[in-house]
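An overview of the molecular structure
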Amino acid sequence: MRRMGTLFLVRHGQASFGAADYDQLSELGERQCRRLGEYFGLRGRRFQAVLRGSLKRHEQSVAALLQGLGDAPPAAVHPGLDEYDSGALVRAVHAGPMPQAAAADAYRQHMRLLRQGLAAWMDGSTCPEGMPSHADFVAGIVAVLDHVRSSYDADVLMMSSGGPISNAVGHVLGVSAGVVIELNMRLRNTAVTEFSFNPKRHVLHSFNHLPHLDSAEFDRWQTFS
């Protein structure tokens, strides 16, 4: 009889919001990931499999985490774990250029429009350029979850982004689109979400926690971008 496994869904380290190439870990993002790997290693965590999306920040996050952890299987790439295109979502609900503003104001404006774009995409009222339907996006995530249930029976590491992780949680819990958006907005860099799984189902065990940064010395390492 197969025992239950644990799927560790990890959001990538801090990327480069506001830079020409967002899909690039910052120096802090690399340190966050190495620290998480060290945390797993100190607790004797060993992974039966490592899965990641195809984005650069996913690849870099896994590489930095494994520097801290040490030995692990080669990461298998699953495009179903790739993030949605936030720019396309915003453009679908906001015509013309973004207004000029101070950095903090620009970030708040972006997040407000992103919420609107996500809601419109999820209810089918927009078709952002170059993106799948929301139903197809979720189907890609569910396919990876099904692969985990059918293929593994121990600890599995999955490196992805806020969109896929929040939609995975939403799928497992059966919650509304509005709740999925709120989950998405709260996910922190290198936050760990845990599913217990067996061949029949996944069960949410924890969401968005930072055990590797749970001390005052790491307060400034807790980020959302």
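Residues numbered from 1 in each chain as written. Predicted model: local features only at pLDDT ≥ 70, side-chain atom pairs only at ≥ 80, totals over all residues. Heavy atoms only, no water.

This part covers the overall build of the chain. Helix and strand content of the chain: seven helices and six strands. Counting from the amino terminus, the chain carries its helices and strands in the arrangement β-α-β-α-β-α-α-α-β-α-α-β-β. Against the globule reference of 17 Å for 225 residues, the chain gives a C-alpha radius of gyration of 17 Å, in line with a compact fold. Reported as C-alpha extents along the three principal axes, the dimensions of the chain are approximately 55 × 40 × 25 Å. (Helix = DSSP H or I, 4+ residues; strand = E, 2+ residues; numbered from the N terminus. Rg over C-alpha atoms; globule rule 2.2 N^0.38 Å.)

We now examine the side chain of histidine 58. Relative to the helices and strands, histidine 58 resides in helix α2 (residues 56–69). Residue class for histidine 58 comes out buried when judged on its relative accessible area of 0%. (Buried < 20%, exposed > 50% of the residue type's maximum accessible area, 1.4 Å probe, protein only.)

Before going further, it helps to spend a moment on the packing of helix α5 (residues 134–151) against helix α6 (residues 162–173). Interhelical geometry of α5 versus α6 gives an angle of 80° and a closest axis separation of 10 Å. Taken together, α5 and α6 sit at an angle that is classed as roughly perpendicular. Two secondary-structure elements touch here, α5 through His134, Phe137, Val138, Ile141, Val142 and Leu145 and α6 through Gly163, Pro164, Asn167, Ala168 and His171. Taken together, the residues that form the contact of α5 with α6 break down as seven nonpolar, four polar and no charged. (Axes fitted to C-alpha atoms, helices over the stretch in contact; angles between N-to-C directions. Parallel < 35°, antiparallel > 145°, perpendicular 65-115°, else oblique. Contact = heavy atoms within 4.5 Å. Nonpolar A, V, L, I, M, F, W, Y, C, P; charged D, E, K, R; others polar.)

A contiguous nonpolar patch, built from Leu173, Val175 and Val179 and spanning about 210 Å² of accessible area, is present on the exposed surface. Within the secondary structure layout, valine 179 lies in helix α7 (residues 177–186). Judged by relative accessible area, which is 37%, valine 179 ranks as partly exposed. (Patch = residues over 30% accessible without salt bridge, like charges linked within 9 Å, V, L, I, M, F, W, Y side chains within 5 Å. Areas by Shrake-Rupley, 256 points an atom, 1.4 Å probe, with all protein chains shown as cover. Salt bridge = Lys/Arg side-chain N within 4 Å of Asp/Glu carboxyl O.)

What follows concerns the packing of α6 against α7. Packing of α6 against α7 leaves a shortest axis separation of 8 Å and a crossing angle of 135°. If you check the angle between α6 and α7, you find them oblique. α7 is crossed by α6, and the crossing has right-handed handedness. Residues Gly162, Gly163, Ser166, Asn167, Val169 and Gly170 of α6 lie in contact with α7, whose contacting residues are Val180, Leu183 and Asn184. (Left-handed = near helix turned anticlockwise from the far one by under 90°.)

Further remarks concern the nonpolar core. Counting 34 residues, the largest nonpolar core has Leu7, Tyr84, Leu118 and Met158 as the members making the most contacts within it. Sort the elements by how many residues they give to this core and helix α4 (residues 103–122) lands first, with six residues. With near-sequence residues (within four places) excluded, leucine 118 lies in contact with Tyr84, Leu89, Ile181, Asn184 and Met185. (Core = buried A, V, L, I, M, F, W, Y, C linked by side-chain atoms within 4.5 Å.)

Turning next to the environment of leucine 36. Following the sequence through the fold, leucine 36 ends up in helix α1 (residues 27–42). Distance from leucine 36 to valine 172, taken between C-alpha atoms, is 25 Å for residues 136 residues apart in sequence. When neighbours within four sequence positions are excluded, leucine 36 is seen to be in contact with Val10, Leu65, Thr190, Val192 and His212.

As a further point, take the environment of threonine 6. Position of threonine 6 relative to the elements: it lies in strand β1 (residues 5–11). Separated by 41 residues in the primary sequence, threonine 6 and phenylalanine 47 have C-alpha atoms spaced 9.5 Å apart. Setting aside its immediate chain neighbours within four residues, threonine 6 contacts Ala154, Asp155, Val156, Glu194, Phe195 and Phe197.

Okay, α6 next. The end-to-end C-alpha distance of α6 is 16 Å, a good match for the 16 Å that 12 residues give at a rise of 1.5 Å each. In terms of residue burial, α6 counts as a mostly covered element, since nine of its 12 residues are buried. Among all positions of α6, only Gly162, Gly163, Pro164, Ile165, Ser166, Asn167, Ala168, Val169 and Gly170 are buried. Looking one or two residues beyond α6, the residue adopting positive phi is glycine 174, at roughly 70°. (Expected span 1.5 Å × (residues − 1).)

This brings us to the environment of serine 86. Looking at the secondary structure, you find serine 86 in helix α3 (residues 86–93). For serine 86 and proline 128, which are 42 residues apart along the polypeptide, the C-alpha to C-alpha distance reads 9.5 Å. Excluding anything up to four places from it in sequence, serine 86 contacts His110 and Leu114.

To continue, consider the pairing of strand β6 (residues 202–209). One ladder, built from five bridges, connects strand β5 (residues 192–197) with β6; its direction is antiparallel. Along β6, the bridge assignment pairs phenylalanine 195 with leucine 204. Hairpin remark: β5 followed by β6, antiparallel, with four residues in the connecting loop. (Pairing = 2+ DSSP bridges.)

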